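# Residue-level structural notes
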Amino acid sequence: MRRAGWLVVVLVLATSVGTLVPADDGGLSRDSLGWEDGYRYDDPVSVTVADGLNESERAAVTARAMARVERIRGLEFREPVDVQVRSRADYLASRNGTGNETHGAWNNQVWEALFLVGDDRDVGEVLSGTVGASVVGYYEPGSGNVVLVSDSETPTVSRGTLVHELVHALQDQHFGLADRPVTQDAQLARNGVVEGEANRIQGLYQQRCGRTWSCVDPAAGASGGGSGDRTLDRGVFLVIYHPYAAGPDFVEAIASRGGSDALDDLYDDFPPSTEGIIHPERYPEEQPVNVTVPDRSSEEWERFDHDPVADTVGEASIYAMVVDNGLGDPPAGRYSYEHPVSDGWAGDSVVPYRAGDRRGYVWELAWDSDRDADEFVTAYRDLLAQHGAESLGDGRYRIPDASPFGGGYRVTQEGATVRIVNGPSVAALDEIHDP
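Each chain has its residues counted from 1, running along the sequence as written. Thresholds applied to this predicted model are a pLDDT of at least 70 for local features of residues and 80 or more for the giving and counting of side-chain atom pairs; totals over whole chains, interfaces and linings are not thresholded and use all residues. Excluding hydrogens and water, the side-chain values take into account all heavy atoms of the structure.

## Observations regarding the nonpolar core
The set of buried Ala, Val, Leu, Ile, Met, Phe, Trp, Tyr and Cys residues whose side-chain atoms join them within 4.5 Å is what this entry labels a nonpolar core. Partly exposed describes any residue whose relative accessible area lies between the buried limit of under 20% and the exposed limit of over 50%, with all areas from a 1.4 Å probe on protein chains only and scaled to the type maximum. Counting residues in each nonpolar core, the largest one holds 61 residues, and the members touching the most others are Phe115, Trp363, Phe376 and Tyr380. When near neighbours in sequence (up to four residues on either side) are disregarded, Trp363 contacts Ala113, Leu114, Val313, Ile318, Met321, Asp348, Ser349, Val350, Phe376, Val418, Arg419 and Ile420. Ranked by size, the runner-up nonpolar core spans 28 residues in total, among them Ala65, Val69, Val146 and Cys209. By the convention used here, residues are in contact when the closest approach between their heavy atoms is within 4.5 Å.

In structure tokens, the structure reads:
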């Protein structure tokens, strides 16, 4: 995934709500949980939402929301949080930089291996467009700033967006959010905790509104999710949406086991893979296998000068590949992230290669059993066929060059291990990875 300038963003969320984290309802002082910047969690605020919120109104709404987040999570904000407003045009312009060309070319091969972004598109642009089409706010780790993306200088604050981003500020103050893993799978797993807890607390907050709390409601249409001139890619969105969809249930499962202390512990040792987020009943006993790919390339072909040299895409991204390419409907719905083809994942490694302006990759996958590997290979062959692949025997295939996924493919299986080699031609396969 795009690693430069990592931000925690709010997309169009499907909120999952669980049990409340207990909080003391006794008397409050100005330095206790549930009191921020002169506002108690149950104090009224006087604002007019119809014409948007000016700076002082925004400060009042923010202070009370912070007090309420404290009450739910049981952690005190250590520092003030500045809520700023940024125009959508400015936000989108900031995401359209050139970035690192080596990383971009390397990352393109990773997403091409997933059959989600072909060689006719750039992954950075697709990610930028997909996020830009849906983001309504974000938190900048280390800065203490929550930014609302709006087309008005006096935006009507979406309650859910504000609460979600304030949770990220609280997480950052207590646990730190600046560091991030280097592989796609580990990033998604980490975000499953970070976004999952924020989404969960957002749901618990909304649950109390109208019941035990008086809440400021956004005006009609105020929380709209983005700009109509941006393109949302369904397959890419399915990957980046994983933390928001699967994360809350994972966080709820951990909270039910050990309460707030167990949640705190997650930030010291994040789950290493999306498998744990998708299947909390397997976590932490079932850990991913470390897959390494030996370099068997010719002198002409080389690995990218990139750290890391390989990426791990993980179960969530393989699920997105399967579902977006129509390889069978998921039993529990599109955003369940559980599918028979991806369920037996144990580990993987994608190593991009290049020879001048030619590209290729080796993708090795470990599965829990031979049967799981069989299911994946069967689905992958169907995927190749969907893209017009011709079978040439000995596990070799060729997709016509007119396709954005055109080129040669070699698919081999040894027990529970599957290896896929891709190159610009069938002849290049042995040069990229000598069998």
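## Quick word on the sheet that holds strand E12 (residues 407–414)
Here a strand pair is declared whenever DSSP counts at least two bridges between the two strands. To qualify as a helix, a DSSP run of H or I must reach at least 4 residues; to qualify as a strand, a run of E must reach at least 2; elements of each kind are numbered from the N terminus. Strand order in the open sheet formed by seven strands is E7-E8-E9-E13-E12-E11-E10, with antiparallel pairing between adjacent strands. Strands at the two margins of the open sheet, each flanked by one partner only, are strand E7 (302–303) and strand E10 (390–393). Pairing geometry for E12 and strand E13 (residues 417–423), over seven bridges, is antiparallel. Across the sheet, residue Thr412 finds its bridge partner in E13, namely Arg419. Of the strands in this sheet, strand E9 (358–367), strand E11 (396–399), E12 and E13 are in contact with helix H11 (residues 370–386), which crosses E12 at around 165 degrees. Fitted lines through C-alpha atoms give the axes, limited to the stretch in contact for helices. The angle between two N-to-C directions lies from 0 to 180 degrees.

## Observations regarding the state of the cysteines
What counts as a disulfide here is a pair of cysteine sulfur atoms lying within 2.5 Å. For the coordinates displayed, the defined rule picks out one disulfide. For Cys209, the disulfide goes to Cys215, at an S-S distance of 2.0 Å. On the sign convention where negative means left-handed, the S-S torsion of about -85 degrees between Cys209 and Cys215 marks this disulfide as left-handed. Assessed through its relative accessible area of 17%, Cys215 is described here as buried.

## Comments concerning H11
Here H11 is 17 residues long and its end C-alpha atoms lie 24 Å apart, about the 24 Å a rise of 1.5 Å per residue gives. Listed as buried for H11 are Asp372, Ala373, Phe376, Val377, Ala379, Tyr380, Leu383 and Leu384. On its buried side, H11 packs onto helix H10 (314–324), E9, E11, E12 and E13. Directly after H11, the chain includes Gly388, whose backbone phi takes a positive value near 80 degrees. The length a helix should cover is 1.5 Å for every residue beyond the first.

## Describing the environment of Trp363
Among the secondary structure elements, Trp363 is positioned in strand E9. Judged by relative accessible area, Trp363 falls into the buried class, the value being 0%. For the pair formed by Trp363 and Val293, sequence separation is 70 residues and the distance between their alpha carbons is 8.1 Å. Pairs of N or O atoms are called polar contacts if they sit within 3.5 Å, as long as, within protein, a hydrogen donor faces a hydrogen acceptor (for residues adjacent in sequence, only side-chain-to-side-chain pairs). Within the structure, the side chain of Trp363 is placed 3.3 Å from the side chain of Asp348, a separation counted as a polar contact.

## What about the pattern of salt bridges?
Salt bridge criterion: a side-chain nitrogen from Lys or Arg within 4 Å of a carboxyl oxygen from Asp or Glu. This structure, assessed with the given rule, holds 15 salt bridges. Glu252 is paired through a salt bridge with Arg200; the nearest N and O atoms lie 2.7 Å apart. Here Arg200 lies in helix H6 (residues 184–208) and Glu252 lies in helix H8 (residues 242–266), a separation of 52 residues in the sequence. Exposure class is identical for Glu252 and Arg200. Each is buried. Note that Arg398 is salt-bridged to Glu390, the shortest N-O span being 3.0 Å. Shared partners join several salt bridges into a network, and the residues in it are Arg73, Glu197 and Asp264.

## Looking at a negative patch on the surface
Like-charged residues are merged into a patch within 9 Å and nonpolar side chains (Val, Leu, Ile, Met, Phe, Trp, Tyr) within 5 Å, provided each residue has over 30% relative accessible area and no salt bridge. Where accessible areas are quoted, they stem from the Shrake-Rupley method and a 1.4 Å probe; at the residue level, only the protein chains shown are allowed to cover. Counted charges follow a simple rule, with Lys and Arg positive, Asp and Glu negative, and His plus the chain ends left uncounted. Where a charge lies is defined by one atom per residue type: Lys uses NZ, Arg uses CZ, Asp uses CG and Glu uses CD. On the surface, Asp261, Asp265, Asp268 and Asp269 cluster together into a negatively charged patch. Under the relative-accessibility criterion, Asp261 is labelled exposed at 57%.

## Brief notes about the packing of aromatic side chains
Working definition: rings of Phe, Tyr and Trp (its six-membered ring) pair if their centres are within 6.5 Å, and the pair is stacked with planes under 30 degrees apart, edge-to-face with planes over 60 apart, and tilted otherwise. Under the counting rule described, the total for this entry stands at 16 aromatic pairs. Ring centres 5.4 Å apart and planes at 35 degrees place the aromatic pair Tyr91 and Tyr138 in the tilted group. Here the residue Tyr91 occupies a position in helix H2 (residues 88–94), and Tyr138 occupies one in strand E5 (residues 137–140), the gap between them amounting to 47 residues. Judged on exposure class, the residue Tyr91 and its partner Tyr138 are both buried. Their ring planes at 85 degrees and their centres at 6.1 Å tell us that Phe115 and Tyr380 sit as a pair that is edge-to-face.

## Focus: the packing of H6 against H10
One can describe the packing of H6 onto H10 by two numbers: an axis separation of 7 Å at closest approach and a directional angle of 100 degrees. Our classification of the angle between H6 and H10 gives roughly perpendicular. Residues Gln184, Asp185 and Leu188 of H6 touch H10, and the partners they reach there are Gly314, Glu315, Ala316 and Ser317. Looking at the contact of H6 with H10 residue by residue, the class counts come to two nonpolar, three polar and two charged. Oblique is the label for any angle not under 35 degrees, not over 145, and not in the 65 to 115 range, which are roughly parallel, roughly antiparallel and roughly perpendicular in turn. Gly is placed with the polar residues, together with every amino acid not listed as nonpolar (Ala, Val, Leu, Ile, Met, Phe, Trp, Tyr, Cys and Pro) or charged (Asp, Glu, Lys and Arg).

## Examining empty space enclosed by the protein
Every definition here rests on a 1 Å grid over the protein atoms only: cavities are sets of points where a 1.4 Å probe fits but cannot get out, pockets are open sets enclosed by protein on both sides within 12 Å along at least five of seven lines, and lining residues have some atom within 4 Å of a point. Grid points are joined across faces, edges and corners, and a volume is the space filled by probe spheres set on the points. By the definition in use, this model includes four cavities of 30 Å³ or more. Taken together, 13 residues make up the lining of the second largest cavity; nearest its centre are Val61, Arg159, Leu162, Tyr205 and Val216. Elements with a contribution of two residues or more to the lining of the second largest cavity: helix H1 (55–73) and helix H5 (159–175). The greatest single-element share of the lining of the second largest cavity, amounting to four residues, is contributed by H1.

## Details of the environment of Leu365
When you line up the elements, Leu365 lands in strand E9. Distance from Leu365 to Trp345, taken between C-alpha atoms, is 7.7 Å for residues 20 residues apart in sequence. Residues within four places of Leu365 in sequence aside, it is in contact with Ile318, Gly347, Asp348, Phe376, Ala416, Thr417, Val418 and Ile420.

## A short note on the confidence of the model for the protein
Values of pLDDT, which run from 0 to 100, indicate the predictor's confidence residue by residue. Confidence in the prediction for the protein averages 88 pLDDT; 88% of positions are at 70 or higher. Segment residues 12–26 is flagged for pLDDT under 50; beyond a separation of four residues in sequence, or across chains, it makes 37 contacts in the model.

## Brief notes about the pairing of E10
With three bridges connecting them, E10 and E11 associate as antiparallel partners. Among the inter-strand pairings, Glu390 is bridged to a residue of E11, identified as Arg398. Linkage of E10 to E11, two consecutive antiparallel strands, is achieved through a turn of two residues, within which Asp394 is found at a positive phi near 55 degrees.

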